[in-house]
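Working through the structure, step by step
Here are the chains, one letter per residue:
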Amino acid sequence: MTVLGYRAGCTKHSRLTVARPVVLAGDRVFAMSGYIASLSSTRPVRGKHCGEKNRRGLMIVILTALETEYAAVRVRLKGLVHHRHSAGTLFEIGELPGRPGSKVATAVVGMGNLSAAPLTERAIAEFKPSTVIFSGVAGGLRDWLRLGDVVVATKVYAYQGGRSEDAEFLARPRAWEIPHGVDQIARFLARDEQWIRSEEGRGDESSVPKVWFEPIAAGDVVLNSRTSDLAHQLRRNYNDAIAIEMESAGFASAGQLNERVPTVTIRGISDLAGGAKDRTDAEGWQDVAAANAAAFAIAVATELADGHEDGQEKRNSSMRPQAPSSHKFVARDNARVGQQIGTNHGDVTIDLGDSGRSR
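Our subject in this report is the structure included herewith. (Residues numbered from 1 in each chain as written. Predicted model: local features only at pLDDT ≥ 70, side-chain atom pairs only at ≥ 80, totals over all residues. Heavy atoms only, no water.)

This paragraph deals with the overall build of the protein. Looking only at helices and strands, the protein features 9 helices and 19 strands. Counting every position in the protein, which comprises 359 residues, the buried fraction comes to 47%. Nonlocal contacts in the protein, meaning residues at least 24 apart in sequence, comprise 77% of its contacts between residues at least 6 apart. Carbon and sulfur atoms form 50% of the exposed surface of the protein, whose accessible area is close to 18,400 Å². (Helix = DSSP H or I, 4+ residues; strand = E, 2+ residues; numbered from the N terminus. Buried < 20%, exposed > 50% of the residue type's maximum accessible area, 1.4 Å probe, protein only. Contact = heavy atoms within 4.5 Å. Areas by Shrake-Rupley, 256 points an atom, 1.4 Å probe, with all protein chains shown as cover.)

Following this line, the structure appears as structure tokens:
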């Protein structure tokens, strides 16, 4: 008797050849009398269903505060579909260009740390992303920054915490640093400028923004002065911060509550926080800064997706069964084969001898 069957997974079919009735159940062979059994096996065959079935795409969340920031992100995604959270938050999910299966969920969380924190937590709980990115605009705190430059926050300061005395304000800052792995990817991408040169109309040197890796200060204040009390406070207590914005402290705090989810802030400089914000906004620099930040955020997400696929392939290769060419099991004197230790790939042959009797 010959029984042919196909096992689940990426393997060849198995063939069982016997000279008397037996029972085949999965990887187990049962017989009611003694025999000598020989199990022949081949290595698994990898086909389309094998390599693709076990490959899971990456999920990344990119959050924004303003509509212009959101528009800059969503225009760089493919196949957008709506996803409504049970509490009403509306996300869109799209694919990274050229990376089918790698998804990005994006949403507008509104201005301020108080809205960024709970909605970041909501996005993490809903999508279980591998990384969360905040993409948007910021005010520059250095004269040498150019409008449109990109800042990747190596550290996010929550600058408003402190103790107010009669004579002074004593700062009690909190800070969150960028995860090492994401920092290394971002620096790698920034070196060759391909992330921006590949965009239409951005090939000439004058249109390529510089990417800075420096701290950012985040609080619920729009700063438009270099001489205000807040400007002096930032210069005195957070003098290494080169940009200021309003969401990343709440965003980073939510990421900290989910220890396995890296968070990174990427901002484009739309003004220099020195009294000319209304003019630079009217000139369209918010749109330019948001576009630059989004382009770099998508480049980081794409690099993360490529690294995920490489790692997934390595894991699949290491977990793929490598069966030897043959196994031999011997059972005598009315013995019963009740369990096979291991996994069968290929042909199974049970030899009961010339007469079919135990020997």
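Structure's up, so let's keep going.
The next subject is the environment of Leu272. By the secondary structure assignment, Leu272 is in the loop between strand 17 (263–271) and helix 8 (277–282). In this structure Leu272 comes out as partly exposed when scored by relative accessible area, which is 29%. In this structure, the C-alpha to C-alpha distance between Leu272 and Leu145, residues 127 residues apart in sequence, is 7.9 Å. The residues contacting Leu272, other than those within four sequence positions of it, are Gly140, Arg142, Leu145, Leu147 and Arg226.

Axis angle and axis distance: for two packed helices, these are the angle between their axes and the distance between the axes, and together they describe the pair. Viewed as axis vectors pointing N to C, helix 3 (residues 113–127) and helix 7 (residues 248–257) meet at an angle of 35 degrees, and their least axial separation amounts to 7 Å. Note that helix 3 runs across helix 7; the crossing there is right-handed. Each of Asn113, Ala116, Ala117, Thr120, Glu121 and Ile124 in helix 3 lies in contact with helix 7, whose residues at this interface are Ser248, Ala249, Gly250, Phe251, Ala254, Gly255 and Leu257. When grouped by side-chain class, the residues that make up the contact of helix 3 with helix 7 number 7 nonpolar, 5 polar and 1 charged. (Axes fitted to C-alpha atoms, helices over the stretch in contact; angles between N-to-C directions. Left-handed = near helix turned anticlockwise from the far one by under 90°. Nonpolar A, V, L, I, M, F, W, Y, C, P; charged D, E, K, R; others polar.)

Moving on: the packing of aromatic side chains. Summed over all chains, the structure comprises 5 aromatic pairs. Each ring, one from Phe134 and one from Phe251, has its centre 5.4 Å from the other, and the planes form 70 degrees; the classification is edge-to-face. Pair noted here: Phe134 is in strand 10 (residues 131–140) and Phe251 is in helix 7, with a separation of 117 residues, a long-range link. Taken individually, Phe134 and Phe251 each receive the classification buried, so the pair is uniform in this respect. Across from the ring centre of Phe213, 4.5 Å away, lies the NZ or CZ of Arg187, which sits over that ring. Here the guanidinium or amino end of Lys210 rests over the ring plane of Trp212, the centre of that ring lying 4.8 Å away. (Phe/Tyr/Trp six-rings, centres within 6.5 Å; stacked < 30°, edge-to-face > 60°. Lys NZ or Arg CZ within 6 Å of the ring centre and 35° of its normal.)

Turning our attention to the nonpolar core. Counting residues in hydrophobic clusters, the biggest one holds 38 residues, and the most contacted among them are Val152, Ile266, Phe296 and Val300. Tallying contributions element by element places helix 9 (residues 285–319) first for this core, with 13 residues. When sequence neighbours within four positions are dropped, the list of residues in contact with Phe296 reads Val150, Val152, Ala186, Leu189, Ala190, Trp195, Val211 and Ile266. Counting residues in hydrophobic clusters, the runner-up holds 18 residues, among them Met59, Val109, Ala123 and Phe127. (Core = buried A, V, L, I, M, F, W, Y, C linked by side-chain atoms within 4.5 Å.)

Right, let's talk about helix 2 (residues 67–74) for a bit. Since one α-helical turn is 3.6 residues long, residues separated by three or four positions face the same way. For helix 2, the set of buried residues is Glu69, Tyr70, Ala72 and Val73. The buried residues of helix 2 occupy an angular sector of 160 degrees when projected down its axis, which confines them to one face. (Arc of directions from axis to C-beta.)

To continue, consider helix 6 (residues 229–237). By the burial criterion, the buried members of helix 6 are Leu230, Ala231, Gln233 and Leu234. Taken down its axis, helix 6 places every buried residue within 160 degrees of arc, on the same side. Contact partners of the buried residues in helix 6: strand 13 (169–171), strand 15 (211–218) and strand 16 (243–245).

By themselves, these are just geometric observations and shouldn't be taken as functional.
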